[in-house]
Amino acid sequence: MGFFVAVVIVANTTASKIADFGVTYATVAILFYPISFVIADTIAEVWGKPAARRTIWTGLGVNFAVSVMYAIAVLMPAAPFYADQDAYARVLGGVPRIALASMTAYAVSQHLDVTIFLTLRALTRGRHLWLRNNAAILTSQLIDTTLFTFVAFYGVYPTAALWQIIGTEYAIKATLAVFGTPFTYLLVAWARRDDRGPVAVPRAR
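The notes below deal with the structure included here. (Residues numbered from 1 in each chain as written. Predicted model: local features only at pLDDT ≥ 70, side-chain atom pairs only at ≥ 80, totals over all residues. Heavy atoms only, no water.)

Turning next to unusual backbone geometry. Residues other than glycine predominantly adopt negative phi, and peptide bonds predominantly adopt the trans conformation. Its identity is not glycine, yet Arg125 carries a phi of approximately 55°, on the positive side. For Arg125, the position within the fold is in the loop between helix 5 (96-123) and helix 6 (129-153). The exposure class assigned to Arg125 is exposed, which follows from its relative accessible area of 73%. In this structure, His128 is a non-glycine residue whose phi angle is positive, near 55°. On the secondary structure map, His128 appears in the loop between helix 5 and helix 6. (Helix = DSSP H or I, 4+ residues; strand = E, 2+ residues; numbered from the N terminus. Buried < 20%, exposed > 50% of the residue type's maximum accessible area, 1.4 Å probe, protein only.)

This part takes up the packing of helix 2 (residues 33-47) against helix 8 (residues 181-191). Two numbers describe how helix 2 lies on helix 8: the axes approach to 9 Å, and their chain directions differ by 40°. The orientation of helix 2 with respect to helix 8, classified from their angle, is oblique. Crossing angle aside, the handedness with which helix 2 passes helix 8 is right-handed. Contacts between helix 2 and helix 8 pair Val38, Thr42, Glu45, Val46 and Trp47 from the former with Thr184, Leu187, Val188 and Ala191 from the latter. The residue makeup of the contact of helix 2 with helix 8, split by class, is six nonpolar, two polar and one charged. (Axes fitted to C-alpha atoms, helices over the stretch in contact; angles between N-to-C directions. Parallel < 35°, antiparallel > 145°, perpendicular 65-115°, else oblique. Left-handed = near helix turned anticlockwise from the far one by under 90°. Contact = heavy atoms within 4.5 Å. Nonpolar A, V, L, I, M, F, W, Y, C, P; charged D, E, K, R; others polar.)

What the largest pocket holds in volume is close to 1,200 Å³. Forming the boundary of the largest pocket are 46 residues, of which Asn12, Ala15, Ser16, Ile98 and Phe148 lie nearest the centre. Put simply, the parts of the chain that give the lining of the largest pocket at least two residues each are helix 1 (2-14), strand 2 (25-27), helix 3 (49-75), helix 4 (85-92), helix 5, helix 6 and helix 7 (159-179). Quantified by volume, the second largest pocket comes out at close to 390 Å³. Along its surface, the second largest pocket is lined by 21 residues, and Phe3, Ile35, Val38, Ile39 and Leu187 are the ones closest to its centre. If you list the elements that add at least two residues to the lining of the second largest pocket, you get helix 1, helix 2, helix 7 and helix 8. No other element matches the seven residues that helix 2 contributes to the lining of the second largest pocket. Here the lining of the second largest pocket is built from residues that sort into 19 nonpolar, two polar and no charged. (1 Å grid on protein atoms, 1.4 Å probe; cavity = no way out; pocket = protein on both sides within 12 Å on 5 of 7 lines; lining within 4 Å. Points joined across faces, edges and corners; volume = space filled by probe spheres on them.)

Any link to function would need more than the numbers given here.
This is the structure we're talking about:
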């Protein structure tokens, strides 16, 4: 849960930088945010729906608290000799609409991810982790990307440009999700063991 929250905060903090990926440009956050879905699916697989839901709500609450603390830090008067206030504010201050878009997309997509994952877990009787993991992440990432883009930028950029942004970012996220499947298996195997051996895992509800 701690690492999940850390990934979400890092993704939101680094989202203001647009990076050159060689074939396209995209926010740095797309390198980190998909990790949160892998962790959420691992928690859902090992500890069930209540733990996964609790993790998601904890992440949302901490994200909100961090945004408030960032705002306070930016609003504090800078020392006369401090020359980096503008850069500091651009990185940590963010924009209220961007913050709203991020939290809205997060709340919807993370809960959707866990719901799809556990529904498929019941349908497959606990088999085919790769299928459940990818189906849940690919669907929820599409919703996440679409929601965030439209809430953050609708009316600012042409609608055609928004769909282009969605297509580009989702393609990168989907690629990372597929390549991240082995890490889900490793995390699940690690989470199911302690120093004495396998951990008894409750059946997901």
